[in-house]
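Chain by chain, the residues run as shown.
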Amino acid sequence: HYSFVRQFPRTLTRRSLTSMSTDEKKKRSWPRLILRWTIQFIVVVVVLGSIAFAVMFRGALYNRFYLFPKQAAAWKQIAESRQEVTLDDGWTEYRGVCHSHSELSHDCEVKPPDILRAAKIADIKFICMTDHAREGKADYSTGWKGDREGVLFVRGFELDHGFMPWGLPDDTVLTSDTHYTQMAEQIASKGGVLFYAHSEEVDQRDWELPQLNGMEIYNIHTDVKDEGEVEAFLKNIAVDLMLSLNKYPDQAFRLLFDRQTAILDHWDELNKTRKVVGIAASDAHQNSGFRGTYTEDGKLIVRDTGPDKGRNKSISLNFFTRGLLRMFCGPLEPGTQVFRIEMDKYDRSLRFVNTHILARGLTEPDVIDALRIGRVFVAFDMLADARGFTYLAEGAGAKAVMGEEVSVQSGLTLRAASPVHCRFTLKRDGQQLDQREGRTFEYSAKEPGNYRIEAELNILGEWTPWVYTNPIRIKP
């Protein structure tokens with residue numbers, strides 16, 4: 001009896017403790033269960049969000065992780081295959097840019113020293129400016145002029161009716177209230193050259209204007225416009241820019257390229273009856289991009305990178321979009337710029353497409369003379385450096401380069417040479433005559449006409465436009 005009474009409290013106490021321990025364990029397991037369920041929920045949300053992101057932006061992901069790396073490798077392989085051209089045309093070649101803007105224009109904030117820095121990065125030797133007129137006046141005493149550390153600046157303006165006059169004296173002031181025919185006469189009388197900007201605006205140009213020297217056969221802005229509204233185009237490729245602009249900026253920028261077939265056809269048609277020199281336009285502004293700022297109330301303010309401060313858009317963020325923003329842009333600090341996507345960075349525009357001239361030297365009169373005659377070819381140097389590309393006509397004691405003319409004669413041969421392997425296409429008055437691959441090209445010309453060369457590069461199995469020469473005119 002004593003033994004039972006002694007042990008009973010112990011047994012009761014032990015069972016009570018055991019029971020309490022189980023309850024405590026159950027209580028303690030709830031936080032673990034909640035944590036586990038929370039983690040599982042987050043994992044499911046992340047996985048589903050990743051799948052949704054991959055489906056929605058599969059094109060941009062394909063470009064970033066497959067297409068752009070292969071393109072970059074192909075461009076590099078072409079560059080490594082480069083060989084110097086031995087065909088000599090007797091001229092010195094200079095690579096430059098026509099149609100660029102500075103802080104003098106209402107839609108650009110880039111200062112001349114920054115333009116010079118961009119020009120050195122792009123490795124160009126001349127830049128023909130085309131600032132917008134201020135208060136209806138194009139004052140040729142404003143802006144940089146002449147040689148600046150090895151880069152020649154030529155003053156110019158982009159005016160109504162698509163006028164782009166270069167080579168005018170410093171005391172020239174063109175006014176917007178002058179009729180375009182009188183302005184053209186004024187430009188010619190002062191020794192300038194007159195080119196048309198935005199050649200896609202066919203119906204808004206007077207193509208019979210006697211003083212017209214040339215036209216743009218490619219313009220970056222024109223190429224963007226054929227995608228629809230510029231802002232809509234940038235919105236469509238915004239994810240491409242966010243994913244690829246840092247790693248593959250040139251390849252991402254090339255998304256805007258399309259063959260400008262209609263403009264080239266129009267150019268060929270014009271040259272049947274008169275000389276119209278073809279040039280390229282970078283149309284550099286550095287104003288097509290986005291910058292995003294995280295606000296105190298947890299929103300994202302997005303505006304473009306141009307000088308127009310009024311185009312702001314406020315975006316409310318949720319758990320998912322805020323997480324994505326952190327993933328791609330890092331910590332979100334209120335009041336700080338989260339990202340800046342500069343699609344048309346100035347030096348990138350200067351490298352995208354170039355105008356190459358043949359001249360005796362690098363002075364403004366030399367550049368103007370080359371543009372007037374048409375000793376010019378256009379090249380998409382971002383794909384491959386086209387310096388050294390040569391095109392000429394040779395006969396018995398006769399020789400002509402792009403923009404020049406020669407008479408039909410026995411043995412007259414058109415010759416072209418390229419620093420890299422390409423596909424040459426010879427056109428006479430816009431019609432294809434011959435096409436072949438290699439580094440050199442020859443054709444026996446026996447009929448009058450305007451003969452020009454197009455060269456293409458084979459990039460991942462696709463022939464891509466690279467060079468457009470101005471025509472050599474063969475007279476009867």
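Details of the structure are given in the entry above.
Residues numbered from 1 in each chain as written. Predicted model: local features only at pLDDT ≥ 70, side-chain atom pairs only at ≥ 80, totals over all residues. Heavy atoms only, no water.

### So, the pattern of salt bridges
The condition that has to hold: Every case where a carboxyl oxygen of Asp or Glu lies within 4 Å of a side-chain nitrogen of Lys or Arg is listed as a salt bridge. Numbering of helices and strands runs from the N terminus; a helix is a DSSP stretch of H or I covering at least four residues, while a strand is a stretch of E covering at least two.
Counted under the stated rule, the structure contains 29 salt bridges. One salt bridge in this structure joins Arg95 and Asp123, with 3.7 Å as the shortest N-O distance. Here Arg95 is found in strand S1 (residues 92-100), whereas its partner Asp123 is found in the loop between helix H3 (112-122) and strand S2 (126-129), with 28 residues between them in sequence. A salt bridge links Asp114 to Arg117; its shortest N-O distance comes to 2.5 Å. Residue Asp114 and its partner Arg117 are both found in helix H3; the two are separated by three residues, about one turn of the helix.

### Looking at helix H9 (residues 261-271)
Condition: In this scheme, a residue with accessible area under 20% of its type's maximum is buried, one over 50% is exposed, and one in between is partly exposed, where area comes from a 1.4 Å probe on protein chains only. In this analysis, two residues are considered to be in contact whenever any of their non-hydrogen atoms come within 4.5 Å of each other.
Buried residues of H9: Ile263, Leu264, His266, Trp267, Asp268, Leu270 and Asn271, and no others. Buried residues along H9 sit in contact with strand S11 (214-219), helix H5 (220-225), strand S12 (277-284), strand S24 (449-459) and strand S25 (462-469).

### Comments concerning unusual backbone geometry
Although it is not a glycine, His161 sits at a positive phi angle of roughly 65°. With respect to the helices and strands, His161 occurs in the loop between strand S7 (157-158) and strand S8 (163-166). One non-glycine residue, Gln286, adopts positive backbone phi at about 55°. Locating Gln286 in the fold gives a position in the loop between S12 and strand S13 (289-294). Judged by relative accessible area, Gln286 falls into the partly exposed class, the value being 24%.

### Quick look at the sheet that holds strand S14 (residues 299-304)
Here is the rule: Pairing between two strands requires that DSSP report at least two bridges joining them. For helices, the axis comes from a line fit to the C-alpha atoms of the stretch in contact; other axes are also lines fit to C-alpha atoms, and the angle between any two N-to-C directions lies between 0 and 180 degrees.
What the four strands build is an open sheet, ordered S15-S14-S13-S16; its pairing is antiparallel. In this open sheet, the two strands that pair with only one neighbour each are strand S15 (312-316) and strand S16 (337-342). Ignoring which end each strand starts from, the neighbouring axes of this sheet average 20° apart. When S13 meets S16, the two strands line up antiparallel, connected through five bridges. Among the inter-strand pairings, Phe290 is bridged to a residue of S16, identified as Ile341. The sheet strands contacting helix H10 (residues 319-329) are S13, S14 and S16, and the helix crosses S16 at an angle near 65°.

### Re the packing of aromatic side chains
Keep this limit in mind: Pairing of aromatic side chains here covers Phe, Tyr and the six-membered ring of Trp, requires ring centres within 6.5 Å, and sorts the geometry by plane angle: under 30 degrees stacked, over 60 edge-to-face, intermediate tilted. Whether a charge sits over a ring depends on NZ of Lys or CZ of Arg being within 6 Å of the ring centre and within 35 degrees of the ring normal.
Applying the stated criterion to the full structure yields 18 aromatic pairs. Relative to Phe380, the ring of Tyr218 has its centre 4.9 Å away and its plane inclined at 80°; by these criteria the two rings are edge-to-face. Taken as a pair, Tyr218 in strand S11 and Phe380 in the loop between strand S18 (376-379) and strand S19 (390-394) lie far apart in primary sequence, 162 residues in all. Its relative accessible area of 0% is what places Phe380 among the buried residues. Relative to Tyr468, the ring of Phe380 has its centre 6.4 Å away and its plane inclined at 80°; by these criteria the two rings are edge-to-face. Separated by 88 residues along the polypeptide, Phe380 in the loop between S18 and S19 and Tyr468 in strand S25 bring together distant segments of the chain. A residue is classified by how much of its surface remains accessible, and Tyr468, at 5% relative accessible area, is buried. An aromatic cluster is present here, built from Tyr218, Phe253, Phe257, Phe352, Phe380 and Tyr468 joined pairwise through their rings. The ring of Trp144 has Arg148 lying over it, and the distance from NZ or CZ to the ring centre is 4.2 Å. The residue whose ring lies beneath Arg360 is Trp91, and the NZ or CZ to ring-centre distance is 3.8 Å.

### Thoughts on the pairing of S1
Successive residues of a regular strand alternate their side chains across the two faces of the sheet. Of all the nine residues making up S1, seven are buried; the element is thus mostly covered by neighbouring parts of the structure. As paired elements, S1 and S2 share four bridges and run parallel to each other. Within the sheet, the bridge partner assigned to Val97 lies in S2 and is Ile127. Across two bridges, S1 lies against S12 in parallel orientation. If you follow Cys98 over to S12, its bridge partner there is Ala281.

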